[in-house]
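# Summary of the model geometry
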Amino acid sequence: MQGQKKFKRMQDLDLQGKRVLIRQDLNVPMADGAISNDARIQASLPTIRLALEKGAAVMLMNFRYNRSPIICPMR
Amino acid sequence: MSDALGLTVRVDKDWLSGVEIAPGQVVLCENVRFNVGEKANDETLAKTMAGLCDVFVMDAFGTAHRAQASTEGVTRFAPIACAGPLLSNELDALGKALDAPAKPVVAIVGGSKVSTKLTVLDALSKQVDQLIVGGGIANTFIAAAGYPIGKSLVEMDLIDEANRLTDKARATDGDIPVPTDVVCGKEFSAQAQAETKSVADVADDDMIFDIGPDTAKQFSDMLKSAGTIVWNGPVGVFEFDQFGAGTQALAHAIAESSAFSIAGGGDTVAAIEKYGVADQISYISTGGGAFLEFLEGKSLPAVAALEARADG
């Protein structure tokens, strides 16, 4: 596809039995809170689920300004 | 997060010294902010992170413009480095809008100051067919066109720059259209009386807080017939409803347009939420600073590092 950047994509890789370290963005840079912490976490879940489905051991890394625990309501 | 995933997510505070983990498990490595060397992109720290894994997945677009240990550094040293689905989706969407866009391309750049968006304006003025400016940025272009702006927020030292940008846009068959009518107030407050007037009739004690209805209509028509729309910044003080009609009209025009539309930035996302058009924007960027740097045509360090690792 035209305009696509050239880099490896997680979707294309074999992760069976692999140790996978994921850098996520759970921070909240938006001043108005329009994209909430919860929305960021919700958005990050499919990546984690995909890595688990592919058989990976999943380590998550993120940067947050506050120290509040990552709480995610049941959906 | 444990509930959402249906498994227990363990939180490791001392993860840099090693993470005990088996396939099917998830460990949260607590906040990279506290790691010495994170911001300075320290190589030793990046190598330690890289040593924890077989595959590093960069999935944080909002941090891709900063070269830090957990973004750019670890990408260089991990056995394999790849983009996660969120990052690759975002880069594909932004690339579609800027690298090979459907024409005509209309960009909206709003915000208070030309100076903070100068590089974006400069990059977009030669790329897009119509560059709509809003907010304080528009005031500087209105003044540059020779109209009175009263007490409006303006950067008189950038008048020449505004004229240069307009000339540049016109040289490539584009334009930076100046509003024909504006909405003014006498004070910056939620109680301020809004008064619509021709751009030529702004009084000495007026402050321009929004585009007028004729201009909103003109800009909306451009957006409705666009092939691609890039939106960063409101065109008025939409936090106050009496000065929000311009931004609201453009938000709805983008929503109704068949164009491929991307939007980003804190104020823009707030406006999208306020006017309820999120579902009708093709892609809403998750990055503020990273989105702007992408529009500026800058290489994002973490993405450049991923591209350098494309073959190994």
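## Description of the interface of chain A and chain B
One frequently used descriptor of interface size is the decrease in accessible area upon assembly of the parts. Across the boundary between the two partners, chain A contributes 52 residues, which contact 66 residues of chain B. Counting the contacts that link chain A with chain B gives one salt bridge. Among the salt bridges present, the one from D92(B) reaches R9(A), with a minimum N-O distance of 3.0 Å. Along the contact surface separating chain A from chain B lie 23 residue pairs in polar contact (both at pLDDT 80 or more). Where the side of chain A that touches chain B is concerned, the elements lending two or more residues are β1 (19-23), α1 (37-53) and β2 (57-61) of chain A. At 10 residues, the largest contribution of residues to the side of chain A that touches chain B is made by α1(A). Where β2(A) lies against strand β2 (residues 26-29) of chain B, four bridges are found, and the strand directions are parallel. Note that in β2(B) the partner of M59(A) across the bridge is V27(B).

## Description of the confidence of the model for chain A
Residue and element names in this part refer to chain A. Mean pLDDT for chain A: 76, with 61% of residues reaching 70 or above. Here α1 is the element of chain A with the lowest mean pLDDT, 86, and β1 is the one with the highest, 97. Note that residues 29-35 has pLDDT below 50 and, in this model, 19 contacts with residues that lie over four places away or in other chains. Predicted confidence is poor over residues 71-75, with pLDDT under 50, and the contacts of this stretch with residues over four places away or in other chains come to 11 contacts.

## Quick notes on the nonpolar core
Residues and elements named next belong to chain B. By size, the foremost hydrophobic cluster in this structure holds 75 residues, and its most contacted members are M49, L121, L131 and F141. L131 has contacts with A107, V109, L121, L124, S125, D175, I176 and P177, leaving out every residue within four places of it along the chain. Core analysis: the next-biggest nonpolar cluster, separate from the first, contains 26 residues, I211, V235, A259 and Y275 among them.

## Focus on the state of the cysteines
Simply put, disulfide is the name for a covalent bond between the sulfur atoms of two cysteines. Residue and element names in this part refer to chain B. In this structure the tally under the stated criterion is zero disulfides over all chains. Of all cysteine sulfurs, the one in C53 lies closest to C29, which takes part in no disulfide; the gap is 10.0 Å. With no disulfide of its own, C53 lies closest to C82 among cysteine sulfurs, the gap being 9.6 Å.

## Looking at the environment of I211(B)
Secondary-structure assignment places I211(B) in strand β9 (residues 207-211). A sequence separation of 30 residues divides I211(B) from D181(B), and the C-alpha atoms of the two residues are 6.3 Å apart.

## A look at the pattern of salt bridges
Residues and elements named next belong to chain B. By the definition in use, this model includes 18 salt bridges over all chains. The closest approach of N and O atoms between R170 and D175, which form a salt bridge, is 3.0 Å. Assessed through its relative accessible area of 21%, D175 is described here as partly exposed. For K186, the salt bridge is made with D206, and the minimal N-O distance between the two is 2.9 Å. Here K186 is found in the loop between β7 (181-185) and β8 (195-198), whereas its partner D206 is found in the loop between β8 and β9, with 20 residues between them in sequence. Each of K186, E195, K197, D205 and D206 takes part in one network of salt bridges that share partners.

Conventions and cut-offs
- Residues numbered from 1 in each chain as written.
- Chains lettered and ligands numbered in written order.
- Predicted model: local features only at pLDDT ≥ 70, side-chain atom pairs only at ≥ 80, totals over all residues.
- Heavy atoms only, no water.
- Contact = heavy atoms within 4.5 Å.
- Salt bridge = Lys/Arg side-chain N within 4 Å of Asp/Glu carboxyl O.
- Polar contact = N/O pair within 3.5 Å; in protein donor to acceptor, adjacent residues only side chain to side chain.
- Helix = DSSP H or I, 4+ residues; strand = E, 2+ residues; numbered from the N terminus.
- Pairing = 2+ DSSP bridges.
- pLDDT = per-residue confidence, 0-100.
- Core = buried A, V, L, I, M, F, W, Y, C linked by side-chain atoms within 4.5 Å.
- Buried < 20%, exposed > 50% of the residue type's maximum accessible area, 1.4 Å probe, protein only.
- Disulfide = S-S within 2.5 Å.

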